[in-house]
Amino acid sequence: MILIIGGTSGIGWAVARQYAEAGQQVLVCGRDLAKLPNPLPESIANNVQAVACDITDLGQLQALFAQLSTEVLDLVLVSAGFYFRDRFEQLDASTTLRMLNTNILGLDVAFSLASKQLLQQGFGQLAAIASVAGLLRDYPGASLYSSCKKSVIQLCDSYRIALKPFGISVTAIIPGYVDTAKLREINQQDVSKKPFLISEQQAAERIISALAQRQAQLVFPRRMHWVIRLLNCLPAALLAKRPA
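Residues numbered from 1 in each chain as written. Predicted model: local features only at pLDDT ≥ 70, side-chain atom pairs only at ≥ 80, totals over all residues. Heavy atoms only, no water.

### Description of the sheet that holds strand E3 (residues 48-52)
Move 1: Read across the open sheet, the seven strands follow the order E3-E2-E1-E4-E5-E6-E7; overall the sheet is parallel. Either end of the sheet is taken by a strand with one partner, and the two such strands are E3 and strand E7 (217-220). This sheet shows a mean twist of 15 degrees between the axes of neighbouring strands, independent of strand direction.
Move 2: Sheet analysis places strand E2 (residues 26-30) next to E3, joined by five bridges and oriented parallel. Of the residues in E3, the one forming a bridge with Val28 is Ala50.
Move 3: Sitting on the sheet, helix H3 (residues 93-121) touches strand E1 (2-5), strand E4 (75-78), strand E5 (124-129) and strand E6 (168-175), and the angle it makes with E5 is about 170 degrees. (Pairing = 2+ DSSP bridges. Helix = DSSP H or I, 4+ residues; strand = E, 2+ residues; numbered from the N terminus. Axes fitted to C-alpha atoms, helices over the stretch in contact; angles between N-to-C directions. Contact = heavy atoms within 4.5 Å.)

Written as structure tokens, this is what we have:
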């Protein structure tokens, strides 16, 4: 079985759908199951299950993995994430906590619980969706979102080192701009200025290919990776003035 936490929309759902279309059994989790198509497309309806689970709720995560304790988990993908434009808008305490709990703490708890089950099985994969924002080096005025996504990449690195001796692979998925409903929402439906924008389907295809190869990291699109490398060569003061 493939478990996708944060799989009810966006990249997570695109990956879930492609796996299901290929005949894989997929369990998708999210805070709001109403985001899923209703009814599910007939081609995947028999291969997709859905469970409500908030990654920031420790009890719900523990209950989820207890429910799955008798299942064989081939892959656990954490796609859940929370974005806020904190370089340009003021963060309040509740939003700050939500960003930390969703992007860092929730991921760590999910990976920890999943690791226990995969270690008992003796095989499996972990993966998490980060962002190219996490590849930007630290600079004055860096966003909390960027720091959170840097932590996602670092968490993947730590779990990869810890689990490699036991035959369990861990992949950090590091996308640039993907044309999701969320990206359109935060940009007032205008994504025309987002460089190297790709579709959810294209993103899912690249992710599934990288997971099949058990890659340590997947950064895409490649041109966006080169842009980030160039930005990291700029003086910190100049980088801090970059546009959104």
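Back to the write-up after that little detour.
### Re the side chain of Thr180
Move 1: Mapped onto the fold, Thr180 is located in the loop between E6 and helix H5 (181-186).
Move 2: The class of Thr180 is buried, set by a relative accessible area of 12%. (Buried < 20%, exposed > 50% of the residue type's maximum accessible area, 1.4 Å probe, protein only.)

### Side note on the packing of helix H1 (residues 10-21) against helix H6 (residues 200-212)
Move 1: Two elements in contact, H1 and H6, have axes whose closest approach is 8 Å; the angle formed by their N-to-C orientations is 65 degrees. Of the two elements, H1 crosses H6, and the hand of that crossing is right-handed. For the pair H1 and H6, the contacting residues are Gly10, Ile11, Ala14, Val15, Gln18 and Tyr19 in the first and Glu200, Gln201, Ala204, Glu205, Ile207, Ile208 and Leu211 in the second.
Move 2: Residues that form the contact of H1 with H6 fall into these classes: eight nonpolar, three polar and two charged. (Left-handed = near helix turned anticlockwise from the far one by under 90°. Nonpolar A, V, L, I, M, F, W, Y, C, P; charged D, E, K, R; others polar.)

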